[in-house]
Every structure is written in C-alpha cells, then in structure tokens.
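For reference, the chains in residue letters:
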Amino acid sequence: QARLVESGGGLVQGGDSLRLSCAASGRTFSRYGMGWWRQAPGKEREFVAAISWRDNSTYYTDSVKGRFIISRDSAKITVYLQMNSLNPEDTAVYYCAAFPNWRLKDAPDINVDYWGQGTQVTVSS
C-alpha cells in the first residue's frame, strides 16, 4: 500500500524558515513526480511546488518563488520543501503528493494519484 508521510510542520514566527519532509513507501514511485500542495482555513487546496522524477526540474506557484525550494534525495523516495521568509499567508496544512511524471506538463493543475495526511504550518505575525 502506497504511503506518503509528511513531517516538519510547526509554529514559527514571520520571517523564519521551516523544512518539510515527505517519505514515500509501500510501492515504487519510479517515474512519479512529487510535489506539495497546501490548504488554508476556508480556502481550497492549492498547488505550491513540484519536482520531476526524470530531471529534477521544478515548478512553483508565483507566491512562493524565491522563498521555497523543493528537492528530493538521490534515491527519490523523500521529497523536501525548504520554506524561507515565511509570512502569515503561508499558514496552511501542507500535503505531499505523488503523480505520474508526465502530468507535470499540466502544472499547476496536476491530477494527483497519492496524497499524504498533511502537516500543519502556522506562521505568526
């Protein structure tokens, strides 16, 4: 059974940094792109960032460009989201996701196959 498990969320102050991790297990995620989405209270889930399995190319939503960095380990079973210069608008539940790599062409409207359970990130002003 495929599983994505996020960790690293928490409460930070504005301007601080945080790194989220997502460990994939239970099946091979070969040829799967991975990414992060977030959902703030009262809002729809939105795309944040994604990374290609094939060449590690990355995609970001405009509001996090220059502040967030997505990466994955060489074994391609863990994906990270380094979040810098956090502000209260970044407060949300962050979800890890996996999808067939070819769907990256549809970013940010990627159809996801697997979701993690989410991790809360709260940024105080």
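As a reminder, the structure under discussion sits directly above these lines.
Keep in mind that what you see is a predicted model, and the values were worked out from it rather than measured. (Residues numbered from 1 in each chain as written. Predicted model: local features only at pLDDT ≥ 70, side-chain atom pairs only at ≥ 80, totals over all residues. Heavy atoms only, no water.)

Visitor: Before we go on, may I ask you to explain the pairing of strand S4 (residues 32–39) in this structure?
Guide: Looking along a regular strand, one sees the side chains alternate between the two faces of the sheet. The element S4 is largely enclosed, with a buried count of seven among its eight residues. Of the strand pairs in this sheet, S4 and strand S5 (residues 46–51) are connected by five bridges, and their pairing is antiparallel. Among the inter-strand pairings, Arg-38 is bridged to a residue of S5, identified as Glu-46. From the end of S4 to the start of S5, which pair antiparallel, there are six residues, and Gly-42 there has a positive phi angle of about 75°. (Buried < 20%, exposed > 50% of the residue type's maximum accessible area, 1.4 Å probe, protein only. Helix = DSSP H or I, 4+ residues; strand = E, 2+ residues; numbered from the N terminus. Pairing = 2+ DSSP bridges.)

Visitor: Which parts of the structure should I look at to understand the pairing of strand S7 (residues 68–72)?
Guide: Burial along S7 is one-sided: Phe-68, Ile-70 and Arg-72 are buried, and none of Ile-69 and Ser-71, which face the opposite way, are. Here S7 runs beside strand S8 (residues 78–83); their pairing, made up of five bridges, is antiparallel. If you follow Ile-69 over to S8, its bridge partner there is Gln-82. Count of turn residues in the S7/S8 antiparallel hairpin: five residues, of which Lys-76 carries a positive phi of about 60°.

Visitor: How do you make sense of the packing of aromatic side chains when you look at a structure like this?
Guide: Think of a pair of aromatic rings as described by two things: how far the centres are apart, and how the planes are tilted against each other in angle. Within the structure shown, the criterion is met by seven aromatic pairs. Ring centres of Trp-37 and Phe-47 lie 5.2 Å apart, and the angle between their planes is 80°; this geometry places the pair in the edge-to-face category. Of the two residues, Trp-37 sits in strand S4 while Phe-47 sits in strand S5, which places them 10 residues apart along the sequence. Residue classification places Trp-37 among the buried positions, given a relative accessible area of 5%. A relative accessible area of 8% places Phe-47 in the buried class. (Phe/Tyr/Trp six-rings, centres within 6.5 Å; stacked < 30°, edge-to-face > 60°.)

Visitor: Please explain the state of the cysteines as it appears in this structure.
Guide: Two cysteines joined by a covalent bond between their sulfur atoms form a disulfide. Taken as a whole, this structure holds one disulfide when the rule is applied. Linked covalently through their sulfurs, Cys-22 and Cys-96 form a disulfide whose S-S length is 2.0 Å. Its S-S torsion of approximately -80° makes the covalent link between Cys-22 and Cys-96 left-handed. Note that Cys-22 is positioned in strand S3 (residues 18–25) and Cys-96 in strand S9 (residues 92–100), a separation of 74 residues in sequence. The buried category is assigned to Cys-22, whose relative accessible area is 0%. You can call Cys-96 buried: its relative accessible area is 0%. (Disulfide = S-S within 2.5 Å.)

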